[in-house]
Amino acid sequence: MLTKKQHELLLFIHKRLEDDGVSPSFEEMKAALDLKSKSGIHRLISALEERGFLRRLPHRARALEVVRMPADSVPDTRPTQVPIDAANVIRGSFGAPRPHAVAIAEAADAVDLPLYGKIAAGAPIEALRDPEGHMGVPASMLDPKRRHYALSIDGDSMIDAGILDGDVVVIEECETASDGEIVVALVDEEEATLKRLRRRGSSVALEAANPAYETRIFGPDRVKVQGRLVGLIRQYH
């Protein structure tokens, strides 16, 4: 799922490439989306690139390539609900390059969590409060005193933490997290992303687990923690 501005920008770039064969300038994008600064365009492009919709071509000015269009343009045939007996359940700190799989829990021990949608650098959690479905999660993975939800992963920015495109992550709702934890972070009240949280003095760094993506650094008032990663479920097709 894309935010409205991300969707508008992707369509604008796609149309310009089809019409002229050249991607628009940042100034043209800023004017088309009625934004006040080019930094907002940079954030939107970074989000679209991270989610696999755009690619920046190296060593060329104004070189953007549309890799794919949103799901509302191409039907998504993947199931939104993964039966617990058809998936591997993965737990741990996600600090190692690949977490290990553990035994499948009995269905009777499963708790239904709302599955809110896809996350990479996309729509805020608040925009996903109407769940797409529900996900059966082993009760042993959850803290009975806390609230939890599930999100689908769209993108490869956390692959070195063992979190792959198409995985479903289990998130414990919270507003604070320890340094080094993988969290759902809301940036500027409009962009949610799953990243490792690092504190650098008075700044907050959101660190990808893929060397292809840069670490993004923000002032502390620009980032809100929406939850922390406590588990992952992977389906093998």
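Quick caveat, the model's predicted, so the values are computed rather than measured.

Would you take a moment to explain the overall build of the chain for this structure?
Within the chain, the secondary structure is distributed over 3 helices and 14 strands. Here the chain holds 237 residues, and 47% of them are scored as buried. Look at the contacts in the chain between residues 6 or more apart in sequence, and 63% of them connect residues 24 or more apart. For the chain, the exposed surface amounts to about 12000 Å²; the carbon and sulfur share of it is 50%.

I keep staring at helix α2 (residues 26-33) and nothing clicks. Help me out?
Since there are 3.6 residues in each turn of an α-helix, residues three or four apart along the chain are aligned in direction. All of the buried residues along α2 are Met29, Lys30 and Leu33. All buried residues of α2 project into a common sector of 100° when viewed along the axis, lining one side. The inward-facing, buried residues of α2 abut α1 (4-20), α3 (38-50) and β2 (64-66). One or two positions beyond α2, positive phi appears at Asp34, with a value near 60°.

I keep staring at unusual backbone geometry and nothing clicks. Help me out?
Most of the time, phi is negative for any residue but glycine, and the peptide bond is trans. With a phi close to 60°, Asp34 is a non-glycine residue in the positive phi region. On the secondary structure map, Asp34 appears in the loop between α2 and α3.

I tried to follow the nonpolar core on my own but got confused; where do I start?
Nonpolar side chains in soluble globular proteins tend to end up buried together. With 18 residues, the main nonpolar core has Leu151, Ile163, Val169, Ile171 and Leu194 as its most contacted residues. Secondary-structure elements contributing two or more residues to this core are β5 (110-119), β8 (148-153), β9 (168-172), β10 (182-187), β11 (191-200) and β14 (223-235). Residues Leu2, Ile41, Leu44 and Met69 belong to the second largest nonpolar core, which totals 15 residues.

Which parts of the structure should I look at to understand the environment of Gly180?
Mapped onto the secondary structure, Gly180 falls in the loop between β9 and β10. The residues touching Gly180, leaving out its near neighbours within four places in the chain, are Arg196, Leu197 and Arg198.

What is the right way to read the pairing of strand β7 (residues 133-138) from this model?
Here is the key point about a regular strand: its side chains alternate between the two faces of the sheet. Most of β7 is tucked away: 5 of the 6 residues are buried. The pairing of β5 with β7 spans 6 bridges and is classified as antiparallel. Residue Pro114 lies in a different strand from β7, and its bridge partner there is His134.

What exactly am I supposed to notice about the side chain of Ser152 here?
Position of Ser152 among the secondary structure elements: in strand β8. Residue class for Ser152 comes out buried when judged on its relative accessible area of 15%.

Would you take a moment to explain the pairing of β8 for this structure?
Taking burial as the measure, the 6 residues of β8 include 6 buried ones, the bulk of the element. With burial as the criterion, each face of β8 is covered, one bearing His148, Ala150 and Ser152 and the other bearing Tyr149, Leu151 and Ile153. Pairing analysis gives 3 bridges linking β5 to β8, with the strands arranged parallel. Residue pairing in the sheet places Lys118 in a bridge with Ser152 of β8.

So what exactly am I meant to see when it comes to the packing of α1 against α2 here?
Angle between the axes and distance between the axes are the two parameters that describe a pair of packed helices. Relative orientation of the contacting elements α1 and α2 amounts to 125°, with a least axis distance of 10 Å. Considering the angle they form, α1 stands oblique to α2. In terms of crossing hand, the pair formed by α1 and α2 is right-handed. For the pair formed by α1 and α2, the contact residues are Lys5, Glu8, Leu9, Phe12, Ile13 and Arg16 on the first element and Glu28, Met29, Ala32 and Leu33 on the second. Classifying every residue of the contact of α1 with α2 gives 6 nonpolar, no polar and 4 charged.

Where do I start with the environment of Ile119 in this structure?
Position of Ile119 among the secondary structure elements: in strand β5. Classification of Ile119 as buried rests on a relative accessible area of 2%. Counting along the chain gives 50 residues from Ile119 to Val169, while the straight-line C-alpha distance between them is 9.5 Å. Residues in contact with Ile119, not counting those within four places in the same chain, are Leu151, Ser152, Ile153, Asp154, Val184, Ala192, Thr193 and Leu194.

Cut-off values and rules
- Residues numbered from 1 in each chain as written.
- Predicted model: local features only at pLDDT ≥ 70, side-chain atom pairs only at ≥ 80, totals over all residues.
- Heavy atoms only, no water.
- Helix = DSSP H or I, 4+ residues; strand = E, 2+ residues; numbered from the N terminus.
- Buried < 20%, exposed > 50% of the residue type's maximum accessible area, 1.4 Å probe, protein only.
- Contact = heavy atoms within 4.5 Å.
- Areas by Shrake-Rupley, 256 points an atom, 1.4 Å probe, with all protein chains shown as cover.
- Arc of directions from axis to C-beta.
- Core = buried A, V, L, I, M, F, W, Y, C linked by side-chain atoms within 4.5 Å.
- Pairing = 2+ DSSP bridges.
- Axes fitted to C-alpha atoms, helices over the stretch in contact; angles between N-to-C directions.
- Parallel < 35°, antiparallel > 145°, perpendicular 65-115°, else oblique.
- Left-handed = near helix turned anticlockwise from the far one by under 90°.
- Nonpolar A, V, L, I, M, F, W, Y, C, P; charged D, E, K, R; others polar.

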